[in-house]
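Structural overview for review
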Amino acid sequence: MSSNTNAKKHEPLFHIAKREGMPALNATLIRFASVIAALIVCAIVTMALSGENPIRVYATMLNGAFGSTRRFWNLLQELAMLLCVSLAVTPAFKMRFWNIGAEGQVLIGGLASATCMILIGDKLPNALLLITMIIASILAGAIWALIPAAFKATLDTNETLFTLMMNYVGIQLVAYFSRVWENPKGSGAIGVINPSTQAGWLPAIANQRYLFNILVVLALTVFMYVYLKYSKHGYEISVVGESQNTARYIGLNVKKVIIRTMLLSGAMCGIAGFLLVSGTSQTINTSTAGGRGFTAIMVSWLAKFDPFVMILTSFLLAFLQMGSKQISTDFGLDESFSEILTGIILFFIIGCEFFVNYEVRFNKHGKEGK
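None of the values given here were measured: they were computed from a predicted structure.

Thresholds, definitions, all that
Residues numbered from 1 in each chain as written. Predicted model: local features only at pLDDT ≥ 70, side-chain atom pairs only at ≥ 80, totals over all residues. Heavy atoms only, no water. Salt bridge = Lys/Arg side-chain N within 4 Å of Asp/Glu carboxyl O. Buried < 20%, exposed > 50% of the residue type's maximum accessible area, 1.4 Å probe, protein only. Helix = DSSP H or I, 4+ residues; strand = E, 2+ residues; numbered from the N terminus. Polar contact = N/O pair within 3.5 Å; in protein donor to acceptor, adjacent residues only side chain to side chain. Contact = heavy atoms within 4.5 Å. pLDDT = per-residue confidence, 0-100.

Moving on, we get to the pattern of salt bridges. The full count for this structure, using the stated rule, is eight salt bridges. One salt bridge connects Lys123 with Asp122, and the closest N-O pair in it is separated by 3.5 Å. On the basis of relative accessibility, which here comes to 67%, the residue Asp122 falls in the exposed class. The closest approach of N and O atoms between Asp156 and Lys152, which form a salt bridge, is 3.2 Å.

Here you go:
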């Protein structure tokens, strides 16, 4: 009896429990409230640190993203590229394979495209050159992702560290070839490739140079949704992600699923590299991926691995990025200030997921003891 009494006395006042389910309306209200709270906190920080009117700051963010046709298309382009990389990492994450190497896989895919443009750009018709480039980029990205996948499947290595280290190898490879193919000499950069012939450049559609990229990524979004939700491979990814032991028990070849899924993930990163080189900048450098490989992790997680929801989360992050740049330009503030605002908003958005998925339950015994 005394032990039971002591247990009751030491029982905490409350505990955190996972929700069995929350109505969609309640979850939406929580997320909306988090955005409002984030804007209020950002307003207080803005007035305290810069003395600027927060309403003007928010108006500047909107202007940075939607203030002109060019800015709007830049926003769509940024959204599309971030979404493409997010789609690429999603199958691996759903399988609980933590592919942190998307940055390097994108760079290697882009390097493959740039190599084709430089070495055979004047030897093939443009249509055939573009086909060669996209095949080379897909293969390069897939092979780069295959390396950590094979080690994970055969030796059970830590995929997080392995894929992270592969990023640095990819960056250094791009840096090396930037020296080899530098133009002009001594610049240490490749510069725009084939500016006179535009060999290897994706064509503009309706006079919009980014529309091709956007349409390709839209098609990939539909493909990934169908693949994950309705295909046999998508089902196997879900089972392996839930429990590898269960997957083995029902007869799945877990090693095969890991390697196949990472090949797909790397191939899609290769496509992103192709679009960034051929359809965006027409060059390659160590910052071509632009951190999208890491931002994509947040996009995929916030969307709960749903490709269509990723469109919204990609839009949010692209909007914050474009808007924060405009704040720095218009108000003459350091870029770190706009990044502070972005960080506050993301903190509230990510933090609200705790209240969507978990609840605080007060213990009756804790209340009685008190």
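Once you've had a look at it, read on.
Relative to the helices and strands, Thr280 resides in helix α11 (residues 254-281). The exposure class assigned to Thr280 is buried, which follows from its relative accessible area of 17%. A distance of 2.7 Å separates the side chain of Thr280 from the side chain of Gln77, its partner in a polar contact. For Thr280, the residues in contact, after removing those within four places along its chain, are Gln77, Arg209, Tyr210, Asn213 and Leu275.

Let's shift gears to the confidence of the model for the chain. Across the chain, the average pLDDT comes to 89, with 95% of residues at or above 70. Note that pLDDT drops below 50 for residues 366-370; the model gives that stretch five contacts with residues more than four away or on any other chain.

Our next topic: unusual backbone geometry. A cis amide bond, omega 0 degrees, links Asn183 with the succeeding residue Pro184. We note that Asn194 has phi near 55 degrees; this positive angle belongs to a residue other than glycine. Along the chain, Asn194 falls in the loop between α7 (159-180) and α8 (211-230). Phi is positive for Gln198, which is not a glycine, with a value near 55 degrees. Within the secondary structure layout, Gln198 lies in the loop between α7 and α8.

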